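# Per-entry structural report
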Amino acid sequence: MPLEFEIAPGRMIGGNHPCFFIAEIGQNHQGDINIAKQMIQVAKDAGADCAKFQKSELKFKFNKAALARPYNSPHSWGASYGEHKEFLEFSHEQYRELKAFADSVGIILGASGMDEKAVDFLDELGVPFFKVGSGDTNNIPYIENTAKKGRPMIISSGMQTMDTMRTVYNKVKPINNNFCILQCTSAYPLEPEDVHLNIIKEYQKEFPDIPIGYSGHEGGMTITLAAVAMGAKVVERHITLDKTWKGNDHSASLEPAELKELIQQIRVVERAMGSTVKDLRPCEMGTFNKLGKSVVAACDIPADTPLTLDMLAVKVAEPKGFLPERIYELVGKKLCKPVEFDDSIVESNLQS
């Protein structure tokens, strides 16, 4: 499989295509669909490719005891964890409304299906790709069933081992070629020493025929920019309208101005990555013409005299002559005409 594929109609990822940026709204919308729409618009205005949510069918994601567990956190929206999650969960109809809004402003709407029933709904909704959250990456039946639906997949790898990721790759690959893996550490907020960007390089070696990306929960922009420089072809970052809002994810999220700046800086990094071919660039010609050095005569040299190294020097000279790296080619050669001290040694004055 090539290292690129179409993640959404008309949008390729991998290869030399621009990094695909996912603005992860998650549940930072506070359970308010109007805030959710505002965040979709923020993502669009910042230049993100996708505004993404997290969709759960709560009775299929959690068992009864987990839903009934008291939830006394300052971030709680209900007395039990189930009430808390229910408050933040949008209905199917609200998701249809959000997708229509995203379509109207011209941005891809995505969502992590947090259980198989949620994936079924997202498939019906028509999301262009499936995002697999880290909590389901080792859920192999879920992975296989999602792959069989035929949509591209983006698979996060928080809380997983390399052995697990090999298993995931080997399960998905025969079913669905169009997937990528994101390096991720599932901590909120994430400290730099816990990021482990070097895993990106390990994934690139381990899975050389799929794009590799990065899902970050750190503060700031530096680490994500480094991930892009290391070859991340998909980037996912959480976003918020206000880091001080109630909710676990807000403090590790980007506010609108930060989001816009990060995406702009990613595009600068992509421009700077350039070619793998080292050569004299057109933009360097002005400097080369002004300061590039040439071989000159270190003394007066008569015609027909075999050149020796001590007859030659290297200086910034007019006109340009032999490049310094070719100085040894001149040893033993003879000049057609005499050259005075400090004059350039030019090819037209060499005897053939």
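This text goes with the structure placed above it.
Everything in this summary refers to the structure shown in the same document.

Reading the values: rules and limits
Residues numbered from 1 in each chain as written. Predicted model: local features only at pLDDT ≥ 70, side-chain atom pairs only at ≥ 80, totals over all residues. Heavy atoms only, no water. Helix = DSSP H or I, 4+ residues; strand = E, 2+ residues; numbered from the N terminus. Rg over C-alpha atoms; globule rule 2.2 N^0.38 Å. Buried < 20%, exposed > 50% of the residue type's maximum accessible area, 1.4 Å probe, protein only. Contact = heavy atoms within 4.5 Å. Areas by Shrake-Rupley, 256 points an atom, 1.4 Å probe, with all protein chains shown as cover. Lys, Arg positive; Asp, Glu negative; His and termini not counted. Charge placed at Lys NZ, Arg CZ, Asp CG, Glu CD. Pairing = 2+ DSSP bridges. Right-handed = clockwise from strand over helix to strand, strands pointing away. Axes fitted to C-alpha atoms, helices over the stretch in contact; angles between N-to-C directions. Parallel < 35°, antiparallel > 145°, perpendicular 65-115°, else oblique. Left-handed = near helix turned anticlockwise from the far one by under 90°. Salt bridge = Lys/Arg side-chain N within 4 Å of Asp/Glu carboxyl O. Disulfide = S-S within 2.5 Å.

## Here we look at the overall build of the protein chain
A tally of regular secondary structure across the protein chain gives 13 helices and 12 strands. What you see for the protein chain is a C-alpha radius of gyration of 29 Å, clearly larger than the 20 Å of a compact globule of 352 residues, by over 25%. C-alpha extents for the protein chain along the principal axes are approximately 100 × 40 × 40 Å. A buried classification covers 47% of the 352 residues belonging to the protein chain. Contacts in the protein chain between residues far apart in sequence, at least 24 positions, make up 65% of those at least 6 positions apart. Of the roughly 16900 Å² of accessible surface on the protein chain, 52% is carried by carbon and sulfur atoms. Placing the 39 positive and 47 negative side-chain charges of the protein chain at their respective mean positions leaves the two points 2 Å apart.

## Details of helix α10 (residues 222–229)
Along α10, the residues classified as buried are I223, T224, L225, A227 and V228. Looking at the buried positions of α10, the neighbouring elements they touch are α9 (198–206), β9 (212–216), β10 (234–238) and α11 (256–273). Phi turns positive one or two residues past the end of α10, at G231, with a value near 110 degrees.

## Quick look at the environment of P70
Considering the arrangement of structural elements, one finds P70 in the loop between α3 (64–68) and α4 (81–88). Judged by its relative accessible area of 55%, P70 is exposed. Taking C-alpha positions, P70 is 8.7 Å from G82, a pair spaced 12 residues apart along the chain. Excluding residues that lie within four positions of it along the chain, P70 makes contacts with A79 and S80.

## Observations concerning the pairing of strand β3 (residues 20–26)
A large share of β3 lies buried, amounting to seven of its seven residues. Residues of β3 alternate between two faces, with F20, I22, E24 and G26 on one and F21, A23 and I25 on the opposite face, all of them buried. Bridging between β3 and β10 involves five bridges; their strand directions are parallel. For E24, the partnering residue across the bridge sits in β10 and is H238. Following the backbone out of β3, through helix α1 (residues 33–46) and into the adjacent parallel strand β4 (residues 50–55), one traces a crossover that is right-handed.

## A short note on the pairing of strand β8 (residues 179–184)
Among the six residues in β8, six count as buried, and that is most of the element. Of the two faces of β8, the one holding F179, I181 and Q183 and the one holding C180, L182 and C184 are both buried throughout. Inspection of the sheet shows strand β7 (residues 153–156) paired to β8 by four bridges, in the parallel sense. In the sheet register, I155 faces β8, and the bridge partner there is I181. After leaving β7, the chain enters helix α8 (residues 162–172) and then returns to the sheet as β8, a path that is right-handed. For β8 and β9, the ladder comprises four bridges, and the chain directions are parallel. Bridge pairing links C184 to S215 in β9.

## A word on unusual backbone geometry
The omega torsion across Y188 and P189 is -10 degrees, close enough to zero to call that bond cis. Tracing the chain through its elements places P189 in the loop between β8 and α9. For the bond from E318 to P319, the omega torsion is -5 degrees, close enough to zero to count as cis.

## With respect to the packing of α1 against α11
Look at α1 against α11: their axes get within 9 Å of each other, and the N-to-C directions meet at 30 degrees. In this view, α1 runs roughly parallel relative to α11, as classed from their interaxial angle. Crossing hand, α1 versus α11: right-handed. In contact with V42, A43, D45 and A46 of α1, α11 contributes P256, L259, K260 and I263.

## Describing the pattern of salt bridges
Applying the stated criterion to the full structure yields 24 salt bridges. Across the pair E236 and K131 runs a salt bridge whose closest N-O atoms are separated by 2.9 Å. Remark: K131 occurs in strand β6 (residues 130–132) and E236 occurs in strand β10; sequence separation between them is 105 residues. K131 carries the same exposure label as E236, and that label is buried. One connected set of salt bridges, linked through shared partners, spans R11, D49, R267 and E270.

## A word on the state of the cysteines
Taken as a whole and judged by the stated rule, the model has zero disulfides. Take C180: it sits in no disulfide, and the sulfur closest to it among the cysteines is that of C19, at 10 Å. Note on C180: relative accessible area 0%, which makes it buried.

By themselves these figures say nothing about function.
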